[in-house]
Amino acid sequence: MSGGRRAAAAATALVLGSAVLTACGKSAAGASTPETVTVGVAGNIFDVPLRLADAEGYFTQRGLRVRFVTVTAATGTPALESGSLQFLNSSPTAFLSALARGLPETAIGVDGLGNPLGLVVSKEFARRNGLTAKSPAREVAKALAGSTGGTSSANTKAEAGIFLKSNGVDPGKVEWVSLPSPSADQAALDDGRIDWFITSEPLPLQIQQSGKGVVVADSRTVSQWAGGYAGYGQVVVTRKTYAAQHAATVRKFMAAVREGTAYLYKHVNDPSVVPAAKKALPGVPDAAVRAGVEEVEWPWFADMNVEAWRKTSDFVSELGVLPAGATITTDDWTNEYVR
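Residues numbered from 1 in each chain as written. Predicted model: local features only at pLDDT ≥ 70, side-chain atom pairs only at ≥ 80, totals over all residues. Heavy atoms only, no water.

A. Structural detail: the sheet that holds strand β10 (residues 232-239). Taken together, five strands build an open sheet; the order of strands is β2-β1-β3-β10-β4 and the sheet is mixed. At either end of the open sheet lies a strand with only one pairing partner, and these are β2 (64-70) and β4 (105-113). Averaged over all pairs of adjacent strands, the angle between their axes in this sheet comes to 25°, without regard to strand direction. Lying on the sheet, helix α12 (residues 247-267) is in contact with β1 (35-41), β2, β3 (87-90), β4 and β10; it crosses β4 at an angle near 10°. (Pairing = 2+ DSSP bridges. Helix = DSSP H or I, 4+ residues; strand = E, 2+ residues; numbered from the N terminus. Axes fitted to C-alpha atoms, helices over the stretch in contact; angles between N-to-C directions. Contact = heavy atoms within 4.5 Å.)

So this is what it looks like as structure tokens:
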């Protein structure tokens, strides 16, 4: 072969080799590029399993990239229905309200039991009424009569009402101030517009840690907020059409969530859970993280059952925040994606 032919052959081989390598690189990149899904979260303790699953790589291991979007009780369901979210970490109240409106949603797993709520009063209100973190529930409720309470959702207002009534106080004796979010509740507590509010942890514990308030009731002192009474505390929800069209993605997503809840179930009282949970709650003091995580009953499996949904539905009905006749059937939830 002449020098010219050898050079041409070498050049051709180089080009072909480069093309093959480029094609292989694209193929490998394509195979390894994770699928992105968007999840609505509320910024409370129930976010921990999902954030933990993300921080520990449980989603990545299954080829998923998760984008978290913070939503409120008012914005979560519309965002899911619009398609801007693929999954919503939802309260049962929000989910049952969506079903009552005929929205085609389905619960695909449970990631927390009970209601890890904190009733936090301002430091001044605690001082005036002699309240501490160890005050008996009846004493706390009695002090709230005639006070000003903040509420950022119908759910937490109703749960406050259950607490008051169970301790002999008429919720009608409280002056309620409606606010758009728990952070607005906090601001109102700081500037004295309200005396107290209830919301999910860890915000009440954070306020207590900062010295600006005192948590005087939680799910360990209010039996009606515990899992044995209230049932499910948080469920993962998606649209039925999305689940049908993306079954493999839904299954991978729930497998990662299950791994996150199982970690918490196993390590809830272990010191190792705090640094893991803080990846979900950056900036929250260790003590607040530890106490908040311990208030939740984390499921070992994410599967659901008829009896627990009956208990949950009864509790939400007791809150009085749903339209009359709102129900849930086995067509509205499934364990298909956690098996």
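Let's pick the thread back up.
B. Representation of the side chain of Thr38 within the structure. Checked against the element boundaries, Thr38 lands in strand β1. Thr38 has contacts with Arg67, Val69, Ser84, Leu85, Gln86 and Phe87, leaving out every residue within four places of it along the chain.

C. Representation of unusual backbone geometry. With an omega of 15°, the peptide bond running from Glu201 to Pro202 counts as cis. Examined against the element boundaries, Pro202 turns out to sit in the loop between β8 (196-200) and α9 (203-210).

D. Structural context of helix α15 (residues 306-319). The terminal C-alpha atoms of α15, which comprises 14 residues, lie 20 Å apart, in line with the 20 Å expected from a rise of 1.5 Å per residue. Within α15 the residues assigned to the buried category are Ala308, Trp309, Thr312, Ser313, Phe315, Val316 and Leu319. Each buried residue of α15 lies within a common arc of 160° when the element is viewed along its axis, so the set occupies one face. Turning to α15, the residues buried within the fold contact α4 (92-100), β4, α7 (154-166), α10 (227-230) and β10. (Expected span 1.5 Å × (residues − 1). Buried < 20%, exposed > 50% of the residue type's maximum accessible area, 1.4 Å probe, protein only. Arc of directions from axis to C-beta.)

E. Quick peek at the nonpolar core. Grouped together as the largest cluster of nonpolar side chains are 30 residues, with contacts concentrated most on Val48, Phe197, Leu264, Leu281, Val289, Val293 and Trp298. Counting only elements with at least two residues in this core, the list comes to α2 (48-55), α8 (182-190), α9, α13 (273-278) and α14 (286-295). The contacts of Val293, once residues within four sequence positions are left out, are Ile45, Leu264, Val268, Val273, Ala277 and Trp298. Leu64, Ile108, Tyr337 and Val338 belong to the second largest nonpolar core, which has 23 residues in total. (Core = buried A, V, L, I, M, F, W, Y, C linked by side-chain atoms within 4.5 Å.)

F. Focus on the packing of aromatic side chains. Evaluation of the coordinates by the stated rule reveals 11 aromatic pairs. Look at Phe46 and Trp298: their rings are 6.4 Å apart centre to centre, the planes differ by 80°, and that puts the pair in the edge-to-face class. Highlighted residues: Phe46 in the loop between β1 and α2 and Trp298 in the loop between α14 and α15, separated in sequence by 252 residues. Residues Phe46 and Trp298 agree in their burial class; the two are buried. Ring centres of Trp176 and Trp196 lie 5.5 Å apart, and the angle between their planes is 70°; on these two criteria the pair is classed as edge-to-face. Of this pair, Trp176 sits in strand β7 (residues 175-178) while Trp196 sits in strand β8, placing them 20 residues apart in sequence. Of the residues examined, Trp176 reaches a relative accessible area of 22% and is grouped as partly exposed. Over the ring of Phe68 we find Arg51, and its NZ or CZ is 4.2 Å from the ring centre. (Phe/Tyr/Trp six-rings, centres within 6.5 Å; stacked < 30°, edge-to-face > 60°. Lys NZ or Arg CZ within 6 Å of the ring centre and 35° of its normal.)

Purely geometric stuff here, so don't read any function into it on its own.
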